[in-house]
Every structure is written in C-alpha cells, then in structure tokens.
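Here is how the chains run, residue by residue.
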Amino acid sequence: MNDDAKQTGLALKGIRVLDFTWIHAGPSATRILSDQGAEVIKVESNNALSVVGGPASATARGLGQRHNWNAGKLSISLNMKTPQGIDIAKRLVAVSDVVAENFSGRVMPSWGLDYHSIRPINPGIIMLSMSGLGRTGPWKDRVSYGQTLQAWSGFTELTGFPDTDPSGPASAYSDAVGGMAGAQAVLLALIHRSRTGRGQWLDVSQFESLSSLLETLVLDMSVNRSAAVSTRTGNRLPHGGGAPHGAYRCQGDDRWVAISVFTDEEWRAFVGALGDPQWADDPRFASGDARERNADALDACVETWTVERTAEEAMTLLQAAGIAAGVVQSGADLSRDPQLKERAFFRRVPDHQGEVRIIESAPYKLSRTPGTVTRGAPAFAADMTYVLRELLGMSDDEVEDCAIAGAFD
C-alpha cells in the first residue's frame, strides 16, 4: 500500500444508527456499521440484560460477547413501556439515518415505531428489521434462535457423519450470517438513498440468509426432483469432493489437519510430498474417481502419515507442495496465529473502565477508508448526557420530568 492510499477516513462517517437490536445477529450487523464510522446509539434496558450482556441471566452488564458485538457504540437506557421513553425514541428517529431492530414482528408496532409509523417522522429513514423468518409468510410470527434456524434451513441435516445423528454447527452460525446480511442490506439502501433521497424498509430473514448458502443441496433438488438425496458426509463434499478430502489425526491430543486434493496434478504433488509411499501405487487410487470410490481406504493410508507429524508440520509440508492443507485450530491456536496477528484481526481495545479487551476486527482491508474499532462496548447508559442534551437539545427540566416518569430504565 503506497502512502497516497493510506487514509484514516471512515466510509460511514456522518451516518447515525438508532440501534434497538439485541442478542447476536442484530448487534453484529450494527457493529459492522460502527467499525466504518457510523455513530451507533444503542438503546438498552435492564429488562434485556440477560441477553444483552451474554447468554446467562446472571451475566453482568460489562461482560460476555457484549464487548465484541457492541464495541465502538454509544449507550442510552430507555424504558419503552413509558410514553416518555417512546417519545424520546421517536425524536431520535428524526435525527437518525437508520433504525435497526431484531425483535419479533409485534414489538416495534406496539411502540408506534414500525416503518410505516416512523416514515412520516423522517421520510429518508432506512429501517432494518432482522427476524428469524421475515415479516411476511405463514411462519412470520414463529419464534426462533440460531439452532432452530439452522435446523429449518437444512444445515443441521447436512452436518455430521453418515452413521450419526444430525449435529449442526457448534455455535449460532445463523446469527453471524444474518448479521452480515443485515449490514449488507443497510449499505445497499444507503447507496440507493444517496441517489434518490428515499429511505426504505429492509426485511431481512435469517432463515433465507442461511438457505442461500446451501448451494449444491438446492441444485440437487432442482435437477433431480424426487430423486434428490441429502446425506451427511462428514468432512467430505457430497458432490465431486475429490480425495483425499477430510480432517486427519496428527500427533498430540485432539490435533488434526484438513487436506483437500481434487485434481490428478494435485494428487501427484501430494504423493511426492509424502515421500512416494508404496500404498499410493494401489490401483484403487489410480484415478480421481477411483480415489473417491475408495475414500475410506485412502483416508486410512493418509492418516498413517499424518499421525507421525504435528498438524503444523503436516500443513507446512503440504502447502510447500501446493496442496491445500490447514491445521484444525482451536481458540488458543487462533489467538496466536501469525497470519491473524500480522493482519491485526484481533484488536486489544480498552473498555469503559480502561481494562483491555480482545475483540474481532473487520475481515477485510479497505485501502482508503479502512475503518477500525478503537474502544470496547460502552458502559450501560454511558451516553445519556450527549444523546439527550447535545443531540436532542433537551432541557434540564425535560430530563428531570422524564426521569421522574421512569423513562430511563
């Protein structure tokens, strides 16, 4: 990167987001916007701390994933059960560019803050609604979390080994996918508004976000109809997956290396990297089709080589030969991974008490508007003075009246 390309600009500087989101999917979407300079005002409540702070009801305000998903944001507390709290929220709509929420479909209308209600307040407003199944359709009112969405979308059925029950992703993969889809939708709407001056409502379905990633499963259904077959294949790809293709045990406790070989050229390079073992001449492995048909036998042979080496050694040897191979890394591995360290993926930022927290940064590098997060999540309701007095211009008497009425939860 040359000096001219090194900029500290923020692509979304000047954009304000009123953030009602909670749990994972919504906050991760607005965190993406915050990293690029958007001023994200997070509306919080003591009633939601059980999931705002982390997954357990006893989680304190400043702990858990809250530091990661809400880094760089501002925080205010509003009791949306009071008319005064709703009034303040509507005043914030008037001075915002985006309103984001991931409640069930009944919540925002009950506050008079659904898109059709807030559009008269701010005709240019963009509203991001992130729900499990979308705001229309026969399932629009159904309740969901990550694990249920993964099951609905087909991911759980595909995850696991042929002789085991469905396992599903270990974490709420759907929330991360939904968060990225939500941020993408906001960016598209901002581009549209910059050209037309018109806002719009963004109805993001996490179910559809996941289903869009199913690729060959849906292709199989569209081509083969009733003959389509979905099977759990473990670490192998179900259609033209090549061989060897999987995770292989290495030296050490629960250490593995993932290896993918697709073409005959890669096979020859792979065999050479292994030192031309005698089993490689077996007729069962003479062609790509033969290797796929005899994948179980091939995997057993490959593992006789990997178990004699550490996962790092196996990866290094194979990568040097041009073979796609990677260590199956743990969280501890990732924290010291030299590639992630060089690219500063994990950031050390201070929280509101000055304690250093490690959080993720954006998975991309923009040469002119790189964006970054410089601080952890705010303390609960830390920015009331700025939002109420400076942004909304509320007087001391107004703030006091709202406090007496219980507007600040």
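Residues numbered from 1 in each chain as written. Predicted model: local features only at pLDDT ≥ 70, side-chain atom pairs only at ≥ 80, totals over all residues. Heavy atoms only, no water.

*Asks:* When you look at the sheet that holds strand S6 (residues 200-205) in this model, what are you seeing that I'm missing?
*Replies:* Where strands meet in a sheet, backbone hydrogen bonds hold them as pairs that are either parallel or antiparallel. An order of S3-S2-S1-S4-S5-S6 is seen for the 6 strands of this open sheet, with the pairing classed as parallel. Edge positions in the open sheet fall to strand S3 (74-77) and S6, since each of these has one partner strand only. Here the strands of the sheet are splayed against their neighbours by 20 degrees on average, with no regard to which way each runs. Looking at chain direction, strand S2 (residues 39-44) and S3 are connected through 4 bridges and run parallel. (Pairing = 2+ DSSP bridges. Helix = DSSP H or I, 4+ residues; strand = E, 2+ residues; numbered from the N terminus. Axes fitted to C-alpha atoms, helices over the stretch in contact; angles between N-to-C directions.)

*Asks:* How do you make sense of a nonpolar patch on the surface when you look at a structure like this?
*Replies:* On the surface, a nonpolar cluster with roughly 250 Å² of combined accessible area is contributed by Leu-334, Phe-346 and Ile-358. Tracing the backbone shows Leu-334 in helix H16 (residues 331-335). Overall, the relative accessible area of 34% leaves Leu-334 in the partly exposed class. (Patch = residues over 30% accessible without salt bridge, like charges linked within 9 Å, V, L, I, M, F, W, Y side chains within 5 Å. Areas by Shrake-Rupley, 256 points an atom, 1.4 Å probe, with all protein chains shown as cover. Salt bridge = Lys/Arg side-chain N within 4 Å of Asp/Glu carboxyl O. Buried < 20%, exposed > 50% of the residue type's maximum accessible area, 1.4 Å probe, protein only.)

*Asks:* What exactly am I supposed to notice about the packing of aromatic side chains here?
*Replies:* Remark: the centre distance and the inter-plane angle together describe each pair of aromatic rings, the angle taken between the planes. This model, assessed by the stated rule, comprises 11 aromatic pairs. Ring geometry for Tyr-115 and Trp-201: centres 6.4 Å apart, planes at 10 degrees, overall stacked. Taken as a pair, Tyr-115 in helix H6 (residues 115-118) and Trp-201 in strand S6 lie far apart in primary sequence, 86 residues in all. For Tyr-115, a relative accessible area of 7% corresponds to the buried category. Taking 5.0 Å as the distance between ring centres and 70 degrees as the angle between the ring planes, the aromatic pair formed by Phe-345 and Phe-346 counts as edge-to-face. Given a relative accessible area of 31%, Phe-346 falls into the partly exposed group. (Phe/Tyr/Trp six-rings, centres within 6.5 Å; stacked < 30°, edge-to-face > 60°.)

*Asks:* Help me understand the pairing of strand S8 (residues 256-260), please; the structure alone is not making it clear to me.
*Replies:* Consecutive residues of a regular strand have side chains that alternate between opposite faces of the sheet. Residues Val-257 and Ile-259 line the buried face of S8, whereas the alternating positions Trp-256, Ala-258 and Ser-260 sit on a face that is not buried. Pairing of strand S7 (residues 245-249) with S8, which is carried by 5 bridges, proceeds in the antiparallel orientation. What sits directly across from Ala-247, in S8, is Ala-258. Turn length for the S7-S8 hairpin, with the two strands adjacent in sequence and antiparallel, is 6 residues, and the turn residue Gly-252 shows positive phi of about 100 degrees. Direction of pairing for S8 relative to strand S9 (residues 324-327): antiparallel, over a ladder of 4 bridges. The residue bridging Ile-259 from the neighbouring strand is Ala-325, located in S9.

From the geometry alone we can't say anything about function, so treat these as descriptive.
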